[in-house]
Amino acid sequence: MKNCVVLALVVAGSLLQPFPLRAQQPQPFVRDPKVAIDEDYTKKIREYTTQPFFTSPLVDYLPASKTVPTPKAVLGDIAGAPGLLPYAEEVYQYMRMLEKASPRVKVYSIGRTEENREMIAVAVTSEANMARLQQNGERLAKLADPRVIAMDDGQAEKLMEGTVPVYYITGTIHSPETGSPTALMELAYRLAVDDHEYIRSIRNNLITLITPVVEVDGRDKMVDVYRWHLAHPGRNWQPLVYWGKYVAHDNNRDAMGVTLKLTENVLRAYMQWHPQVLHDLHESVPYLYDNTVGDGPYNAWIDPILADEWEMIGWHNVSEMTKFGMPGVFTHGNFDTWSPGYLMFIAALHNGISRLYETFGNAGADTVERTLSPNEYARTWYKQNPPLAKTVWSQRNNNNYQQTGLLTSLHYFAANGRLFLRNFYLKSKRSVLKARTEGPAAYVLPGDESRPGAQTELLRVLQKQGVEIVRATAEFTVTLPAKKSTPRPRTTDDGRDGQDRRDGQDRRDGQDRRDGQDGRDKPTTRTFPAGSYIVRMDQPYSRIADSLLDYQYWSPNDPQRTPYDDTGWTFPELFNVQAVRVLDATVLDAPAEKVSDVRAKGSVIAQSATMFLVNHNADVALVTLRYRFKDAAIDAAEEPFDAAGRKFGRGSFIVKNVSSADMQTAAADLGLQVTAVPLPPSVKTHPVRAARVALLHTWVTTQTEGWWRQAFDLAKVPFTYISTQDVAKNDNLNATFDVVIFPPVGRSTDVIVNGMPMWGNPLPWKKTGETPNLGSEDETDDMRPGLGWVGVAHLQDFVRRGGLLITVMDTADLAITAGLTPGVTIAPRQRLRIVGSVIRSKMVDATSPIAYGYTDNLAVWCDNGPIFNVSNVLGGRAGRRLGGDETTRPTGRGTADDPDVPQGRAGAEIPDEPRVEAWQAAPVTDEQLRNGINVIPPQARPRVVLRYADSRDLLVSGLVENGSEIAQHAAVVDATLDKGHVVAFSNNPIWRGETLGSYFLVFNAIMNFDALDAGRKVDEK
Ligand SMILES: [Zn+2]
């Protein structure tokens, strides 16, 4: 009772306020009989919707217009009609018809794809808003960068007055998820013509921006395949093996590195329009999973305001659709919001709101019966009206769900525009304040970086992300915090390998994490030279920079047991460059100038001589140089040397037969420091080859090798793209290639060898009249056959005759299983869990050409191994002896370190057991040599180049559980087979444009393919 009085007073108080403080409550949809209906279209909507509850009052009719054409004008039927999937160009044609017919629609070209197809964005809003589009955009730009209004909240409120927010919707980034283009055509029509109050309020209070097709290259291939399927009833059709030019599903993992055109184009549109929401449409969950709320762990760098917005919008969405009686709508689910690699996350880390729908698609426009799995139709606390276990499902159903979800969201957003604009401003402001509130104040990339090329690439990624970069014009000093005296364990079985714990290492941020044996470290200072780059955290897009440059820690005990994607990505580590996280705010006072175009400075010193030296620092520019001067003679120094007063590392180039002018141009283009000398240095050398490279793909999946193709194209390393079927047909690969690279496939050996099952019909993937968009990357009459055992034999012959085969993860498994790597085996994984993490490696053999240009402690990207063992004996039990741990002694007399003594006889000498580390092969014994059938000759034994770090140092970023299973094991092995080599990687050195630091392990192998034995120490026996 008492509470009621208090409540009454509060209510009375709030009534006195001129503006309610609560968010405005949107009015429910009421059908207005005065609004004319397109009867034919509406009839079709009902016909193609398979159950009355698979639609809503918002979309079960289509408003009529005398002047504006419906999607039928292009499609010939309604949006979501069975058997109907438009090409991107048809979608654009319709959007441009809308633009012509309605003053409420405008179409913008936002860029082109790798295969030169157009991407567009369609704006729909009222005439009044259209007329003020530019002015509105200028206001949003100011809210997006509160520095320009001196962070003045009063001025911001004035700006918000009369400013309409922008809601950006993106469709079909995933090509087999086919529904959104038609849903978005119809949505654009509704927003342009419908005169219901519900729609008018969206039109008047919001700008809806639509990119109907994100993956345009993949869309056209998908439509080809779907139409082929329709033209060949009763036959199996092609799996969509290529989407974009480079990658498939991973196109939605590019929002960190921004290496694909589609990411770049959407990101640029985002930064021009300053939308408050980026809402990406997918189709893999029944019937509408608004994964906005998703599940933990949430990304650690987002503004908490955003997490609240996710909750508000997501639950509102579910609530509205539940009221419509639509089953299967939910927002909490198994998607964790940790990785910022998703396209929608552009908004999350640029002060907007990221959203994503998974609706239910049939991968095409067939109407079919769909049976769900029990976990899909189960009723849970967050899914009170779950999907049906079995139902006939149509593309129209999917379009109904997509449009209903979007319309309720747009309506809610329009009704609460002021709130979300204020949040947008607040998030932008707090991003600027970040430098002095939560910090860090800045990241510094030192001006004396030994890898300026990689540093430049990293800074360019940040610039693409809209991050401002400044460069110090004078040296400056900052205080770095004291180190923790007792570091917490980083992995579950920390230190169990019993290795020397003082084996400290350099992090790439330059903050040595050696334990500090005194346990009482004090703050230190560090002085950075002029020319150092400063990424200030007092700028609107500080969060994306912080997220990319910082470290990630995913606890092995996290309740989330199935990370949705990579758990770690620390860019400076993976680029192998230094970035120092600085908390000291005085860094913001360092004298600096803005840098618009970051470039590594190239020059030729002492230009008169005709022989050139280039230090090897593992910058990608070196391999570009090798292929740029294809006919030049280039040698690699096998040892470090001094020349012209400078130090040159192992592998440094000695270039002949290139003119001074050409070298000068190349140095400037590639940002290389070149030293001209009159005489060659006195150091052992071997030629560095512009090797003939084949890049090998399967017809099962091309997803992961696509990142390799992209890296090679960007580095300007020419290659021939061949398939496993080509290898099966070619018994003399050596005639055409020096190096065959088989990037990871993501499939097991049997799938790579056997391909797809040979029952059923052939599956052609080629450019024909029927499928004009297929075959741009590679062609085959039948996708089904794999490498075959004959293909394996051809690869084996290729290596035996002197070729180099580079294998990675599962393809290394194949090579090892097939016996192409004498002495290398794979240990089965037990409880190890490394989910897309950044892992520390240690140098084992710095004299191997594969290691040229590298110092120790390289961070590599790893996803559960494989776990390599090496042996000097074929069929041997890895490196280690049977019988357990030889470091412990049996029960007997004496202390733990004493020998036992049998009683009643004279003592016998016990031979010393050599200590064998996990990355080493046990020395060959006399017992084994007595009849050494299986003993690998010393010069042909596996050579370990890099190994994984000790257990306690393994984790750099992400998740490592039970790391001791893989700790210390070989990571990169060079195996010899007759005259050739197989290099096996346990890490993936080329991944999503994020691992520039490890690219050169591959490039070194290629350029030194016929000299990989350089520097090898051969065992005595
Ligand atoms: Zn998807």
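Now for a description of the structure that goes with this document.

Points about the overall build of the chain
- Summing up its helical and strand segments, the chain has 28 helices and 39 strands in all.
- In summary, the chain has a C-alpha radius of gyration of 31 Å against a globular reference of 31 Å for 1021 residues, a match within 12%.
- Considering the chain as a whole, with its 1021 residues, one finds that 60% of them fall into the buried category.
- Across the chain, contacts joining residues at least 24 apart in sequence account for 82% of those joining residues at least 6 apart.
- Taking the average location of the 111 positive side-chain charges in the chain and that of its 122 negative ones, the two points are 2 Å from each other.

A closer look at the nonpolar core
- Of all hydrophobic cores here, the largest spans 264 residues; its most connected members are Val535, Val587, Phe712 and Ile1006.
- Residues Val727, Leu733, Phe737 and Leu820 belong to the second largest nonpolar core, which totals 22 residues.

Here we look at the sheet that holds strand β16 (residues 580-582)
- Reading across the sheet, the five strands line up as β16-β11-β15-β12-β17 and stay open at both edges, with antiparallel pairing between neighbours. Of all the strands in the sheet, just β16 and β17 (592-595) have a single pairing partner and so form its edges. Pairs of neighbouring strands in the sheet enclose a mean axial angle of 30 degrees, with direction left out of account.
- Relative to strand β15 (residues 533-536), strand β11 (residues 442-445) runs antiparallel, the two being bridged by four bridges. Pairing of valine 444 across the sheet is with isoleucine 534, part of β15.
- Running at roughly 25 degrees to β15, helix α17 (residues 452-464) makes contact with β11, β12 (469-472), β15 and β17 of the sheet.

Section: the coordination of the zinc ion
- Binding of the zinc ion to the protein goes through His174 (ND1), Glu177 (OE), Glu177 (OE) and His282 (ND1), at separations of 2.1 to 2.5 Å.
- Geometry at the zinc ion is irregular, judged from the four donor atoms that bind it and their angles of 55 to 150 degrees at the metal.
- Donor residues binding the zinc ion come from one chain and are separated in sequence as H-x2-E-x104-H. Linking glutamate 177 in the loop between β3 (166-170) and α8 (180-193) with histidine 282 in strand β5 (residues 277-282), this pair joins segments that are 105 residues apart in sequence. Each member of the pair, glutamate 177 together with histidine 282, is buried.

A look at the packing of aromatic side chains
- Across all of its chains, the model carries 38 aromatic pairs by this definition.
- Relative to tryptophan 393, the ring of tyrosine 287 has its centre 4.5 Å away and its plane inclined at 5 degrees; by these criteria the two rings are stacked. You can see tyrosine 287 sitting in the loop between β5 and β6 (288-295) and its partner tryptophan 393 sitting in strand β10 (residues 390-393), a full 106 residues away along the chain. Pair check on accessibility: tyrosine 287 and tryptophan 393 agree, each one buried.
- Connected via pairs of aromatic rings, a cluster forms that spans Phe53, Phe54, Tyr287, Phe360, Trp393 and Tyr401.
- Note that arginine 31 overlies the ring of tyrosine 61, its terminal NZ or CZ placed 4.1 Å from the centroid.
- Over the aromatic face of phenylalanine 330 sits the side chain of lysine 383, whose NZ or CZ is 4.3 Å from the ring centroid.

Structural notes on the side chain of asparagine 265
- Following the sequence through the fold, asparagine 265 ends up in helix α11 (residues 261-273).
- A polar atom in the side chain of asparagine 265 sits 3.3 Å from the side chain of arginine 268.

Details of the environment of asparagine 351
- Tracing the chain through its elements places asparagine 351 in the loop between α13 (345-348) and β8 (353-359).
- A C-alpha to C-alpha distance of 26 Å links asparagine 351 and glutamate 320, two positions 31 residues apart in sequence.
- Setting aside residues up to four positions removed in sequence, asparagine 351 forms contacts with Tyr270, Phe424, Lys427, Ser428, Ser431, Pro540, Tyr541 and Arg543.

Here's the deal with helix α16 (residues 417-433)
- Taking 1.5 Å per residue as the helical rise, α16 with its 17 residues ought to reach 24 Å, and the 24 Å between its terminal C-alpha atoms agrees with that figure.
- Of the residues making up α16, those classed as buried are Gly417, Phe420, Leu421, Asn423, Phe424, Tyr425, Lys427, Ser428, Lys429, Ser431 and Val432.
- On its buried face, α16 sits against α6 (133-144), α7 (153-160), α12 (304-323), β8, α15 (395-415) and α18 (542-549).

Focus on the packing of helix α20 (residues 621-628) against helix α21 (residues 660-670)
- Packing of α20 against α21 brings their axes to within 10 Å, and their N-to-C directions diverge by 150 degrees. Seen from above, α20 lies across α21 with right-handed handedness. Contacts from Ala621, Thr624, Leu625 and Arg628 of α20 reach α21 at Met663, Thr665, Ala666, Asp669 and Leu670.
- Considering only residue class, the contact of α20 with α21 consists of five nonpolar, two polar and two charged.

Structural notes on the environment of isoleucine 544
- Tracing the chain through its elements places isoleucine 544 in helix α18.
- Along the backbone, isoleucine 544 and threonine 888 are 344 residues apart, and their C-alpha atoms lie at a distance of 50 Å.

Considering the pairing of strand β26 (residues 693-697)
- For β26, a buried count of five out of five residues is recorded, marking the element as mostly surrounded by other parts of the structure.
- Along β26, one buried face is formed by Val693, Leu695 and His697 and the opposite face, lined by Ala694 and Leu696, is buried too.
- Examined bridge by bridge, β26 and strand β27 (residues 720-723) share four bridges and lie parallel to one another. Counted as the bridge partner of alanine 694 is threonine 720 from β27.
- Crossover handedness for the path β26 to helix α22 (residues 703-714) to β27: right-handed.

Calculation rules
Residues numbered from 1 in each chain as written. Predicted model: local features only at pLDDT ≥ 70, side-chain atom pairs only at ≥ 80, totals over all residues. Heavy atoms only, no water. Helix = DSSP H or I, 4+ residues; strand = E, 2+ residues; numbered from the N terminus. Rg over C-alpha atoms; globule rule 2.2 N^0.38 Å. Buried < 20%, exposed > 50% of the residue type's maximum accessible area, 1.4 Å probe, protein only. Contact = heavy atoms within 4.5 Å. Lys, Arg positive; Asp, Glu negative; His and termini not counted. Charge placed at Lys NZ, Arg CZ, Asp CG, Glu CD. Core = buried A, V, L, I, M, F, W, Y, C linked by side-chain atoms within 4.5 Å. Pairing = 2+ DSSP bridges. Axes fitted to C-alpha atoms, helices over the stretch in contact; angles between N-to-C directions. Donors = N, O, S within 2.8 Å, 3.2 Å for Na, K, Ca; no water. Tetrahedral: all angles 85-135°; square planar, octahedral: opposite > 155°, others 65-115°. Phe/Tyr/Trp six-rings, centres within 6.5 Å; stacked < 30°, edge-to-face > 60°. Lys NZ or Arg CZ within 6 Å of the ring centre and 35° of its normal. Polar contact = N/O pair within 3.5 Å; in protein donor to acceptor, adjacent residues only side chain to side chain. Expected span 1.5 Å × (residues − 1). Left-handed = near helix turned anticlockwise from the far one by under 90°. Nonpolar A, V, L, I, M, F, W, Y, C, P; charged D, E, K, R; others polar. Right-handed = clockwise from strand over helix to strand, strands pointing away.

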